[in-house]
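What follows is each chain in one-letter form.
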Amino acid sequence: MKSQYASRITEMGRNLRHLYRTQTTDSDRALGLPWYDNAHRIMRDWSDSYGYSIATCAAVTAAISPQCDWTRNVIIADDILAMRPPSIGGAINSNVENARKLRDARSGDTRTVFKSGPKVRAFSLNLSGDYSAVTVDTHATQAALCDVEVTVGLTQAKYDCVATAYERAAVSLGYEPAVFQAVIWHTWKRLNPPAVKRQRRTQWLAVGEF
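Here the structure is a predicted model, which is why all the values come from computation and not from measurement.

Quick notes on the rules
Residues numbered from 1 in each chain as written. Predicted model: local features only at pLDDT ≥ 70, side-chain atom pairs only at ≥ 80, totals over all residues. Heavy atoms only, no water. Helix = DSSP H or I, 4+ residues; strand = E, 2+ residues; numbered from the N terminus. Rg over C-alpha atoms; globule rule 2.2 N^0.38 Å. Buried < 20%, exposed > 50% of the residue type's maximum accessible area, 1.4 Å probe, protein only. Contact = heavy atoms within 4.5 Å. Areas by Shrake-Rupley, 256 points an atom, 1.4 Å probe, with all protein chains shown as cover. Expected span 1.5 Å × (residues − 1). pLDDT = per-residue confidence, 0-100. Core = buried A, V, L, I, M, F, W, Y, C linked by side-chain atoms within 4.5 Å. Axes fitted to C-alpha atoms, helices over the stretch in contact; angles between N-to-C directions. Parallel < 35°, antiparallel > 145°, perpendicular 65-115°, else oblique. Left-handed = near helix turned anticlockwise from the far one by under 90°. Nonpolar A, V, L, I, M, F, W, Y, C, P; charged D, E, K, R; others polar. Salt bridge = Lys/Arg side-chain N within 4 Å of Asp/Glu carboxyl O.

Description of the overall build of the protein chain
Thinking step 1. Scanning the protein chain from terminus to terminus reveals 11 helices and zero strands.
Thinking step 2. When the helices and strands of the protein chain are placed in sequence order, the string is α-α-α-α-α-α-α-α-α-α-α.
Thinking step 3. The C-alpha radius of gyration of the protein chain comes to 18 Å, within 12% of the 17 Å expected for a compact globule of 210 residues.
Thinking step 4. If one aligns the C-alpha atoms of the protein chain with their principal axes, the spans along those axes are about 50 × 40 × 40 Å.
Thinking step 5. Split into buried and exposed, the 210 residues of the protein chain put 46% on the buried side.
Thinking step 6. Taking the contacts inside the protein chain whose residues are at least 6 apart along the sequence as the reference set, 65% of them involve residues at least 24 apart.
Thinking step 7. Surface exposure of the protein chain reaches about 10500 Å², of which carbon and sulfur atoms provide 52%.

Focus on helix α3 (residues 35-50)
Thinking step 1. For α3, with 16 residues, the first-to-last C-alpha span of 23 Å sits near the 22 Å given by 1.5 Å per residue.
Thinking step 2. The secondary structure elements touched by the buried residues of α3 are α4 (54-64), α5 (70-81), α7 (118-128) and α10 (177-191).

Let's talk about the confidence of the model for the protein chain
Thinking step 1. Summary statistics for the protein chain give a mean pLDDT of 93 and a share of 92% for residues scoring 70 or more.
Thinking step 2. Contacts for the low-pLDDT stretch residues 204-210, under 50 throughout, to residues beyond four places or in other chains number four contacts.

Observations concerning the nonpolar core
Thinking step 1. Ranked by internal contacts, the top residues of the largest apolar core, which has 59 residues, are Met12, Leu16, Val60, Ile64, Tyr166, Phe180 and Ile184.
Thinking step 2. At eight residues, the largest contribution of residues to this core is made by helix α9 (residues 156-173).

Overview of the side chain of Asn95
Thinking step 1. Looking at the secondary structure, you find Asn95 in helix α6 (residues 93-105).
Thinking step 2. On the basis of relative accessible area, Asn95 is assigned to the buried category, the value being 6%.
Thinking step 3. Beyond its immediate chain neighbours, meaning those up to four positions away, Asn95 contacts Ala63, Ile64, Pro66 and Phe114.

Looking at the packing of helix α1 (residues 9-23) against α10
Thinking step 1. It is the contact of α1 with α10, at a shortest axis distance of 11 Å, that shows an interaxial angle of 65°. Put simply, α1 runs roughly perpendicular to α10. The crossing of α1 and α10 is left-handed. Between α1, through Leu16, Leu19, Tyr20 and Gln23, and α10, the contact on the second element is made entirely by Phe180, Val183, Ile184, Thr187, Trp188, Arg190 and Leu191.
Thinking step 2. Among the residues forming the contact of α1 with α10, the class breakdown is eight nonpolar, two polar and one charged.

Points about the environment of Leu31
Thinking step 1. Within the element layout of this structure, Leu31 appears in helix α2 (residues 26-32).
Thinking step 2. Considered as a pair, Leu31 and Ala182 are 151 residues apart in the sequence and their alpha carbons are 8.1 Å apart.

Some thoughts on the environment of Asn126
Thinking step 1. Residue position: Asn126 is located in helix α7.
Thinking step 2. Since its relative accessible area comes to 0%, Asn126 is described here as buried.
Thinking step 3. Sequence-wise, Asn126 and Val96 are 30 residues apart; in three dimensions their C-alpha atoms are separated by 20 Å.
Thinking step 4. Those residues in contact with Asn126 that sit more than four places away from it in its chain are Tyr36, Tyr131, Ala133, Val134, Thr135 and Ala178.

Overview of unusual backbone geometry
Thinking step 1. Within the chain, Met83 stands out as a residue other than glycine whose phi angle is a positive 65°.
Thinking step 2. Tracing the sequence through the fold places Met83 in the loop between α5 and α6.
Thinking step 3. Residue classification places Met83 among the exposed residues on the basis of a relative accessible area of 54%.
Thinking step 4. Despite not being glycine, Cys146 shows a phi value in the positive range, around 55°.
Thinking step 5. Counting through the fold element by element, Cys146 comes out in the loop between α8 (138-145) and α9.

Quick look at the pattern of salt bridges
Thinking step 1. Within the structure shown, the criterion is met by 10 salt bridges.
Thinking step 2. With a closest N to O distance of 3.8 Å, Arg72 and Asp69 form a salt bridge.
Thinking step 3. By relative accessible area, Arg72 is classed as partly exposed at 35%.
Thinking step 4. When its relative accessible area of 42% is taken as the criterion, Asp69 is described as partly exposed.

Dropping the structure here:
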């Protein structure tokens, strides 16, 4: 089925380019440009330390990532690859189990445990060093739509449309898609911190929109 987002790919690309050109700071670029290189370096170190392929280390890490902040994600992934129980919380239990399954199978393909998980798959590819894929989370979607109120999950069709918008915008600005996404992610997070989003949601409730 064709996504309703398909007709908005050009608009989303325009939004992303405008956001980058008018709102992205040197600090956002300093944080975003090396982000995936730094994360990939961790995957390589784990591969050397634990004897798994880089792809497996990336898949294990990506499997833990939904609703888990990066600092905790790294600690939990390291524990799992080292055959230790997670030393901290913060990950969804079923995702920890999926990470263990990927580790035990020495698999680099998250689709074996996530039947519908385009974001996890893309994140795994990015961590492996493939920067042509685009990791699209809620922040990335909001930035593309220029709408901080967007909270809905993405079907595969919608995901592909948002990812395409990032890919096209990245190419036009001379970036690899994943690197551009990381820069935009830091820009959007800075402009729309959690406190601001909570305030917006409180205002929605106050006027009876939910």
